[in-house]
Structure formats: structure tokens, C-alpha cells
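Survey of secondary and tertiary structure
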Amino acid sequence: MKALHKIISSIKPHFEEGGKLAKFWVVFDSLETFTFTPGHVTKNGSHIRDGIDLKRTMFFVIVALLPALLFGTWNIGDQYFASTGESADFLAKMMIGAVKVVPLIVVSYGVGLGIEFFFAAKRGHGINEGFLVSGMLIPLIMPVDVPLWMVAVAVAFAVIIGKEVFGGTGMNIVNIALTSRAFLFFAYPKQMSGEIWIHDVAASKGGGLLVDGTTGATALGYLASTVGEVVDTPAVQGVMNMFEAGGMFSLHNCLLGTIPGSIGETSVIAILLGAVILIVTGIGSWRIMASFLVGGLVMGLIFNLLGLNGFMTLGPLHQIVIGGFMFGMVFMATDPVTAATTNTGKLIYGFLGGFFSIMIRVFNPAYPEGVMMAVLFMNVMAPMIDHYVLQANINRRQKRLQNI
Amino acid sequence: MSRIQRIRKGADIRLEGRPADTVSEAPSAHVYAVKPPDFIGVVTKLAVRVGDNVKAGSTLFYDKKTPSVKYSSPVAGTIKDIVRGAKRRILAIEIEADSENSYCDFGVLDVSKSNRDQILSRVLESGMFPFFRQRPFDVVANPDDLPRSIHVSAFDSSPLAASTFVALDGRLADFQIGIDALTKLAGEGGVHLGLRSSDTTLAGVKNCRVTYFEGPHPAGNVGVQIHHTAPLNKGVVVWTISPQDVANLGTLLKSGKYIPSRVVACGGSECKNPQHVLTLSGASISSIVDVPSKAHNGDEVRVISGSPLTGDQVSKDGYLGAYHSAIALLPEGHDPKFLLTTGWLGLGLDRFSLSKSFLTWLMPKRSEWVLDTNMGGEERAFVVTGQYEKVFPMDIYPVHLIKSIIVNDIDSMEKLGIYEVAPEDFALCEYGCTSKIPVQKIVREGLDNLRNELG
């Protein structure tokens with residue numbers, strides 16, 4: 001590895017001040033520190049340091065995302081062939097998926113990192129690794145047939161307005177990936193609903209290739225149609241039957257993830273694999289995940305007991321395995337920058353996040369993605385939760401001191 | 001009157017080269033130094049000039065703001081040099097030792113028959129007083145204060161620390177005299193002694209409140225012990241002193257001689273003969289330990305006066321810090337680390353980490369680690385949360401306190417508990433920080449700013 005380091009050192013002067021490529025110092029620096037942890041040594045204070053850094057932390061989040069990414073890629077193909085009624089092998093399904101997913105990832109990273117490099121160069125600091133995760137999260141919460149230009153616009157919006165105007169990594173109020181999704185949701189509502197959840201479903205329909213009964217709607221889309229209807233009408237019963245055993249959205253299928261939806265959100269098993277990685281390494285907060293789960297189950301249970309419409313009659317366990325609930329719980333709510341920062345606060349934040357996720361999706365069918373709204377809302381509320389937790393600590397300490 | 005306090009949060013970093021429980025006497029050094037920057041908060045006013053002859057206990061300088069606080073020479077000799085830095089700040093007063101040591105005679109004082117003023121003036125006059133530090137602010141104590149209580153942590157839980165058991169061997173009588181003197185100096189809160197439950201050497205000490213502490217570092221930090229026995233609020237002042245200085249205080253009152261003796265733990269992976277060495281405060285490093293010219297990894301050797309977590313970097317021909325009872329020799333880490341082998345993507349079997357993303361947590365608890373001084377990454381914005389809390393055993397939110405210091409929000413600092421903390425309490429936070437934030441430096445600056453602000 002000495003040889004590689006020699007090569008890097010030899011081209012370094014070009015990028016340093018006065019060099020021909022000094023403008024691209026940030027790019028060079030980020031690549032250099034990517035390959036070699038620099039030989040910086042401590043001064044005073046703690047002379048020895050942990051090997052953990054932001055690169056490693058972010059890398060583990062990406063590893064945790066891989067199961068969802070790989071399953072999502074396969075599922076794109078699976079859903080496509082299911083909708084046309086063709087049978088296809090694993091490789092063919094992965095190919096169809098890869099053709100859709102790879103450009104999304106490229107656009108997301110390309111636009112996002114481009115903007116990051118620009119701001120880092122302007123502000124004169126190194127690249128913060130945060131976008132490595134955001135850039136991977138964004139494709140995973142997109143519908144498969146979202147136009148690439150829309151993704152590019154959404155990423156640019158999220159990085160500039162969501163992050164850089166607040167001062168960059170670590171300073172943002174709301175989750176970057178969800179900001180991009182929310183941007184698309186509100187700016188292009190027409191394009192973000194309907195026949196985009198299964199690849200080429202509109203074309204298949206036009207060509208008369210679509211298997212009977214396939215509409216390309218997601219579980220939440222179907223359920224939203226039951227809100228405001230009487231429970232025992234045939235239409236509602238038809239929808240609810242899809243959630244019974246053997247139906248399209250049976251508990252089994254939802255756990256496995258062989259249903260239409262955003263690319264990475266469908267498979268509960270793949271997401272939970274990621275959750276295990278995050279919890280074992282301590283990188284994702286188990287407090288947030290656990291309380292988020294409990295919050296969702298509690299709200300689901302309350303609705304289930306009320307049973308006022310078809311959506312509410314769905315069991316709490318079924319509620320949390322459809323839509324983006326699991327993905328939001330593991331990868332969105334746990335974003336350390338935008339979540340509550342105190343341990344007690346995390347429990348409250350997670351619980352309310354899960355609670356509101358289910359509440360929003362059931363109460364307001366116009367926002368089927370309740371998780372997105374709930375997490376963004378809780379992001380905004382997180383500083384307030386922390387404020388009260390800190391205030392309690394301050395009061396407790398003052399009281400304790402008076403008691404001596 | 002003893003109780004057991006369990007500390008759950010924290011971590012023991014087991015470094016290779018732990019000093020053996022043997023004490024060897026260091027050859028008396030040719031040159032000693034007293035370094036004013038060791039004493040935080042002091043404004044140096046010199047009392048000697050180059051070429052002056054001094055005895056052990058002669059005043060070298062005093063504090064301009066409180067002239068009664070005197071700083072004495074550890075040995076008899078001639079003032080060799082007064083080292084100055086930027087803005088003529090005095091960095092060190094070097095004393096070339098005479099072959100025969102002679103002492104200022106401060107007279108014998110029977111503690112049981114003396115009152116507070118008599119003991120205090122003896123302590124001030126002899127130069128023993130600067131070894132008292134105060135909370136809040138972690139600075140040299142102010143003799144005009146009546147401290148609510150005086151706290152002594154009788155064990156050091158930091159890596160490669162000196163063993164009190166070894167250091168106080170044979171000095172129990174002096175230690176008891178020292179504790180008796182402290183009870184006279186302390187206010188209504190009395191004297192608190194923090195012990196390890198496994199260590200019975202000091203179990204018989206009288207006239208103080210003993211608390212046994214169990215658990216990992218920083219259980220031995222006096223600040224953590226104060227927090228769990230008699231916490232501080234705004235306006236309350238307590239003093240702290242190290243166990244070896246308690247014994248030195250006893251020696252002073254018993255014999256009338258100022259002898260700032262130090263049993264120093266010499267350790268670290270680059271130390272050929274890790275053991276305890278008996279010497280004096282301010283002795284030259286070269287008289288205490290052999291520093292190899294190259295570390296095992298081919299890099300230079302870092303000489304640390306004090307603990308690897310909190311100490312000061314000194315040169316090979318430097319001197320032991322006033323408050324330090326350890327010298328650690330560690331390899332420098334100037335070599336860039338390739339990402340897949342030892343860098344940020346490595347398995348991490350070679351590097352002790354508080355993060356479970358390294359596999360070190362699967363290794364046996366008894367393993368000892370060789371750590372170099374590499375930063376292990378670059379400084380980044382605060383991103384990860386919940387990390388500091390795991391190694392900060394106080395009912396204080398460390399990250400929020402640090403953020404309030406960074407923005408210099410005095411009101412928040414006070415409320416969040418800055419009066420209870422010292423930089424050393426944050427050493428493990430700094431060690432394990434993902435974003436490589438210089439936490440101890442921030443806390444020190446915060447304490448200094450607050451102290452200036454309050455006048």
C-alpha cells in the first residue's frame with residue numbers, strides 16, 4: 001500500500017494552494033482521506049483516540065441498507081413480471097430492477113455530492129460523509145417509475161434548502177431524504193401517485209398485457225379508498241380481502257415484501273436485517289426504533305378497537321408492515337442529526353413518531369405516506385422534546401442540591 | 001461511616017505496558033523544573049533570578065492576584081534558567097540541583113493542637129498550597145475561601161495510572177496526619193475519601209467520610225466522586241487534593257520539610273521496564289525513565305506526563321508535571337492507514353474501540369492494547385448522539401453542556417452543570433468521539449471564560 005500512497009502524495013502538490021488544480025482540493029482531499037486515514041496525530045487532551053469516525057459510521061448505515069436495496073431491486077422485476085403474467089428467472093428480475101435502480105442512485109449521488117463539493121469548497125472545509133447515506137436513502141423511498149429529472153430536482157432542493165442553508169451536515173432541522181420525498185409529494189402530486197409503483201404498468205395496460213385485477217396501487221392506496229365508506233359494502237370488503245391470508249397484501253407477503261411500493265420499503269425482513277446491523281453496532285438508536293414500533297402498534301390497536309372504517313379494521317401488526325412504516329422506523333426516524341438527542345427524548349420522539357405515522361395515514365387518506373409526514377413533524381418537534389428533558393434534568397439537579 | 005457507590009457508565013482502556021507493583025528509586029535528577037502553566041489560573045510573579053541559590057521549600061514565584069499562594073522549589077540548588085514563551089510568558093523555572101539537598105525549616109506543627117489559620121499559613125508558606133485545587137473551575141484553590149468540603153480520590157482509574165497502594169506503601173502515618181490537617185481546613189462538609197472496594201490499604205484511615213467506588217474509569221475521577229457523594233451547586237466551593245500530596249502534607253507538618261515526593265507510574269507500550277519510580281515533583285523525564293529513540297512501529301515516541309487520556313505532551317528532556325504521577329510512552333501514529341487494513345474500514349481487531357462497529361468488543365476483557373496517537377479520522381460536525389452519555393457517569397447532559405460552551409451561553413452552562421465538571425471528566429468522551437471534537441479543550445476554555453466573566 002506504500003506504493004499507492006506514494007502515487008497519491010506525488011499528485012498532491014497539484015491540488016495544494018498555488019497548484020493548477022487547487023480549485024479541486026476538496027475532491028482530492030476527500031478521495032485521499034477515503035483511501036488512507038490521514039497521519040494526523042493528537043496534540044493534547046486525549047492522546048489516544050478511538051478508530052471510529054464518521055466514514056465508518058456512515059459506511060455501516062449503507063451496509064444496513066443493502067438488504068433492502070437488493071431486495072427492492074429484485075422486487076421491481078418481480079412486480080413487473082407479475083403484472084404482465086410472464087414468468088422470469090431471478091437474473092431477469094434483477095436486470096429489470098437494476099436498470100431502474102442504478103440510474104436513480106447515480107442521479108441521487110451525482111447531484112447531491114456535486115452540491116456538497118461545491119459548498120465544501122466555498123466554505124473551505126472537508127466533505128462531511130452524511131450525504132453518503134442520504135444519497136442512498138433517496139432512491140430507496142422513490143416509486144420505481146419516478147422520472148430521473150424529478151429526482152435530480154428533489155435532491156437539489158433537499159440538499160440546498162434542507163441542509164446547506166442551515167449550515168451543512170449536522171445542522172439541518174429535518175431529514176434530508178424525507179425532504180426530497182416531501183418535495184416531490186407536494187410539488188408533483190400528480191406524478192407521484194397512480195401508476196408508478198410497478199415498472200411500466202401504464203404501458204402494459206395500454207398494450208393489454210396487464211394481468212386482470214392488477215392496478216399498480218400500493219396497499220395504502222387501496223386502504224385509503226375505504227376511508228369514508230361503510231365497512232360492509234362489497235367494494236370495501238373486496239379491498240379488505242386482499243389483506244387476508246392468500247390475498248395480495250397478506251401478512252406473509254408484506255413481511256416478505258413481494259408487494260408494490262417504494263423501492264426499498266416493501267420487505268420487512270430485509271429492513272429488519274438492517275435494523276439488526278444498526279443496533280448491534282450501536283449506530284442506530286434502539287430506543288427510537290423500539291419506541292417507534294410501540295407507538296405504531298398502540299395507535300394501530302386503538303384504531304382496531306374503534307373499527308370505524310375498513311382501514312381501521314386492519315390489525316395493528318398488519319398496519320406496521322405495510323407502507324413505509326418499517327423503513328421510516330429503522331432508517332429515517334433514527335437519523336441522529338434530526339432526532340431527539342437525549343436518551344429520554346428519543347423514547348418520546350420515537351413513540352410519537354410511530355403513533356402519528358399510523359394516525360396520519362388513516363385519518364387523512366390524501367397523505368397515504370403518514371410515516372413521512374410523522375417523521376418530518378417529529379423532526380421539527382425534537383428540539384422541543386429535548387428542551388423539556390433538559391429542563392427536567394436542570395430542575396432535578398437543583399432540587400437534589402437543596403436536599404443536601 | 002462508609003458506603004458503596006456503583007459507577008455504571010464508563011470504560012477501562014487497558015493499554016499494554018502496565019507498570020508493575022514495584023518501586024525503584026530514581027537517580028536524583030540534575031535539573032528540576034517548576035512549570036507555571038501546570039497551575040491553571042495563576043499569574044506568575046517571580047521571586048528569584050537566574051543564578052540565585054534556593055533550598056527545598058524556597059519560594060520561586062507567587063500568584064500576583066493572591067500573593068499568599070507561594071510556589072516552592074522541590075530541591076536545593078541554583079536557578080539555571082527561566083524559560084519564557086510567547087509574550088514573555090514564563091513556561092518553566094529550571095533549578096540545577098546541589099549534590100546535597102538542604103531544606104527550609106518550616107517547623108513542626110502538631111495538628112491536633114493547631115487551629116485552621118495556623119495550618120493554612122504553614123501550608124501557604126511552604127508552597128504546599130498549590131496542590132489544592134478547587135471545584136468549580138478546576139484551578140488552584142483560593143486560600144480566602146472556606147471550602148464546604150475537601151475531596152480526595154485515593155485511586156486513579158485512568159489507563160497506566162499509578163497505584164495508590166504502591167505509592168502510599170509505608171506512608172500511612174503521614175497520610176493520616178494529612179487527613180487530620182484537611183479536617184481542620186475543611187468547612188462543615190468535612191473530608192471525603194473515595195476508595196476502591198478491593199483496596200484495603202487505606203481502609204483504616206480515620207476522621208473522614210469514606211465512600212467505596214466500584215466500576216470502570218472515570219470512577220476514580222474526583223469530580224465523579226463529588227457528584228455522587230456531595231454534589232456542587234453555584235456558589236459552593238470544594239477543594240481537591242491527590243492522595244500522594246495528602247501524605248506530603250503530613251510529612252511537612254510532621255518534619256517541617258517541604259518534600260513534594262512522587263511515586264510515578266512509568267508505562268506504555270514503548271516503556272522497556274514498566275514500573276513505579278520514586279522521585280520528586282518537577283524531576284526531569286530522563287531521570288525517571290529511558291525513552292527509546294524509536295517506537296516499535298518505526299515512528300517517534302510520544303512522552304506523556306500524566307495519563308494518556310488527560311496528560312501533557314512533553315519532550316524527552318522535559319519535566320514531570322506538578323500534578324502528575326504517571327509517565328506514558330506511546331508510539332506516534334504519523335503513518336497514514338490504508339482503508340481496508342488498519343484504516344476506517346478495517347476489522348479493527350488491532351484497535352480498542354468504544355464503538356461496537358469494531359470487533360474489539362468480542363475480544364476477551366483481559367486483552368491489552370497498543371494504541372498510537374493517530375486521530376483515527378478527521379474532525380467533523382456533531383452528528384452521532386448518545387455516545388458521550390455512555391462514558392459520562394454524571395447526571396449531566398455532556399453534549400448539551402459542550403454545545404452551550406461552544407456558543408458561550410453562560411446561563412445554559414450554569415444550568416447544565418458546568419460547576420461540577422473538569423476537562424478530565426470528559427476524557428473518555430473525547431477518546432470515543434466519532435466527530436473528533438476536542439472536548440477537553442472546549443471544557444477548559446469554557447471554565448476559563450466563565451471564571452473571567454464572574455470576575
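Keep in mind the model is a prediction, meaning the values are calculated, not measured.

About the cut-offs
Residues numbered from 1 in each chain as written. Chains lettered and ligands numbered in written order. Predicted model: local features only at pLDDT ≥ 70, side-chain atom pairs only at ≥ 80, totals over all residues. Helix = DSSP H or I, 4+ residues; strand = E, 2+ residues; numbered from the N terminus. Rg over C-alpha atoms; globule rule 2.2 N^0.38 Å. Buried ≥ 20, exposed ≤ 12 C-beta atoms within 10 Å, placed from the backbone. Contact = placed C-beta atoms within 7 Å. Nonpolar A, V, L, I, M, F, W, Y, C, P; charged D, E, K, R; others polar. Domains from an automatic or database assignment. pLDDT = per-residue confidence, 0-100. Pairing = 2+ DSSP bridges. Axes fitted to C-alpha atoms, helices over the stretch in contact; angles between N-to-C directions. Parallel < 35°, antiparallel > 145°, perpendicular 65-115°, else oblique. Left-handed = near helix turned anticlockwise from the far one by under 90°.

Glancing now at the overall build of chain B. The helix and strand inventory of chain B stands at 10 helices and 21 strands. Whereas a compact globule of 455 residues would reach a radius of gyration of roughly 23 Å, chain B reaches 22 Å, a difference of no more than 12%. With 455 residues in all, chain B has 55% of them scored as buried. The long-range share in chain B, meaning contacts at least 24 apart out of those at least 6 apart in sequence, stands at 70%.

Our next topic: the interface of chain A and chain B. Taken together, the contact pairs 53 residues of chain A with 62 residues of chain B. Elements represented by at least two residues in the side of chain A that touches chain B include exactly helix 2 (25-35), strand 1 (36-37), helix 3 (54-84) and helix 18 (370-402) of chain A. Counted by class, the side of chain A that touches chain B contains 19 nonpolar, 26 polar and 8 charged residues.

Bringing the domain arrangement of chain B into the picture now. Residues and elements named next belong to chain B. The domain architecture assigned to chain B consists of domain 1 (2-255) and domain 2 (375-455). Using C-alpha coordinates to define each centre, domain 1 is positioned 25 Å away from domain 2. Domain 1 puts 19 residues into the contact, and the matching count from domain 2 is 16 residues. Per element, the largest residue contribution to the side of domain 1 that touches domain 2 is 3 residues, and it comes from helix 4 (residues 222-229). Here the side of domain 1 that touches domain 2 is composed, by residue class, of 8 nonpolar, 6 polar and 5 charged.

What follows concerns the confidence of the model for chain B. Residues and elements named next belong to chain B. Summarising the model, chain B shows a mean pLDDT of 92, and 99% of its residues fall at 70 or more. Model confidence for chain B, summarised as mean pLDDT per element, is weakest for strand 21 (residues 337-338) at 76 and strongest for strand 15 (residues 238-240) at 97. In the predicted assembly, ipTM is 0.91 and pTM is 0.92.

Turning next to the sheet that holds strand 16 (residues 261-267) of chain B. Residue and element names in this part refer to chain B. Strand order in the open sheet formed by 6 strands is 2-17-16-20-18-19, and the pairing between neighbours is mixed. With one partner strand each, in any of the chains shown, strand 2 (23-25) and strand 19 (312-314) form the two edges of the open sheet. The mean angle between the axes of side-by-side strands here comes to 35°, regardless of whether they run parallel or antiparallel. Taken together, the 3 bridges between strand 18 (residues 301-305) and strand 19 define a ladder with antiparallel strand orientation. Paired with Val303 across the two strands is Val314, which belongs to strand 19.

Turning next to unusual backbone geometry. All names here are of chain B. Residues Arg135 and Pro136 are joined by a peptide bond in cis, for which omega reads 0°. Tracing the sequence through the fold places Pro136 in the loop between strand 10 (133-135) and strand 11 (139-140). A cis amide bond links His217 with the next residue in sequence, Pro218, at an omega value of 10°. Mapped onto the secondary structure, Pro218 falls in the loop between strand 14 (209-214) and helix 4. Despite not being glycine, Asp138 has its phi angle at roughly 55°, a positive value. Within the secondary structure, Asp138 sits in the loop between strand 10 and strand 11. Residue Asp138 is classed as buried on the basis of its 22 C-beta neighbours within 10 Å. Positive phi values are uncommon outside glycine, yet Asn207 reaches one of about 65°. Inspection of the secondary structure assignment puts Asn207 in the loop between strand 13 (190-196) and strand 14. On the basis of neighbour count, Asn207 is assigned to the partly exposed category, with 14 C-beta atoms found within 10 Å.

In the case of a regular strand, side chains alternate between the two sheet surfaces. All names here are of chain B. With 6 of its 6 residues buried, strand 20 (residues 326-331) lies for the most part within the structure. Residues of strand 20 alternate between two faces, with Ala326, Ala328 and Leu330 on one and Ile327, Leu329 and Pro331 on the opposite face, all of them buried. Bridge analysis of strand 16 against strand 20 gives 3 bridges, and the strand direction is parallel. From the neighbouring strand, Ala265 faces strand 20, where its bridge partner is Ala326. Bridge count between strand 18 and strand 20: 5 bridges; the pairing is antiparallel. Bridge pairing links Val303 to Leu329 in strand 20.

This part covers the packing of helix 7 (residues 398-406) of chain B against helix 10 (residues 439-454) of chain B. Residue and element names in this part refer to chain B. Where helix 7 meets helix 10, the axes come as close as 9 Å, and the angle between the chain directions of the two elements is 60°. Between helix 7 and helix 10, the angle falls in the class oblique. Helix 10 is crossed by helix 7, and the crossing has left-handed handedness. Seen from helix 7, the contacting residues are Ile402, Ile405 and Ile406; seen from helix 10, they are Val439, Ile442, Val443 and Gly446. Residue composition of the contact of helix 7 with helix 10, grouped by class: 6 nonpolar, 1 polar and no charged.

Residue and element names in this part refer to chain B. Its location among the elements puts Thr360 in the loop between strand 21 and helix 7. Judged by C-beta crowding, with 20 C-beta atoms within 10 Å, Thr360 ranks as buried. Along the chain, Thr360 and Leu349 lie 11 residues apart, while their C-alpha atoms are 5.4 Å from each other.

Residues and elements named next belong to chain B. What the 3 strands build is an open sheet, ordered 4-6-7; its pairing is antiparallel. Single-partner strands in this sheet number two, and they are strand 4 (44-46) and strand 7 (70-72). Across the sheet, the mean angle from the axis of one strand to that of its neighbour is 30°, orientation sign disregarded. Where strand 6 (residues 59-63) and strand 7 come together, 3 bridges link them in antiparallel fashion. Counterpart to Phe61 in the pairing with strand 7 is Tyr71.

Residue and element names in this part refer to chain A. Between helix 3 and helix 4 (residues 90-123), the least distance of the axes is 7 Å, while the angle of their chain directions is 115°. Taken together, the axes of helix 3 and helix 4 lie roughly perpendicular to each other. As for the relative orientation of helix 3 and helix 4, their crossing is right-handed in sense. Note on element contacts: helix 4 touches helix 3 through Ala92, Lys93, Met94, Met95, Ile96, Gly97, Ala98, Lys100 and Val101, opposite Thr73, Trp74, Ile76, Gly77, Asp78, Tyr80 and Phe81.

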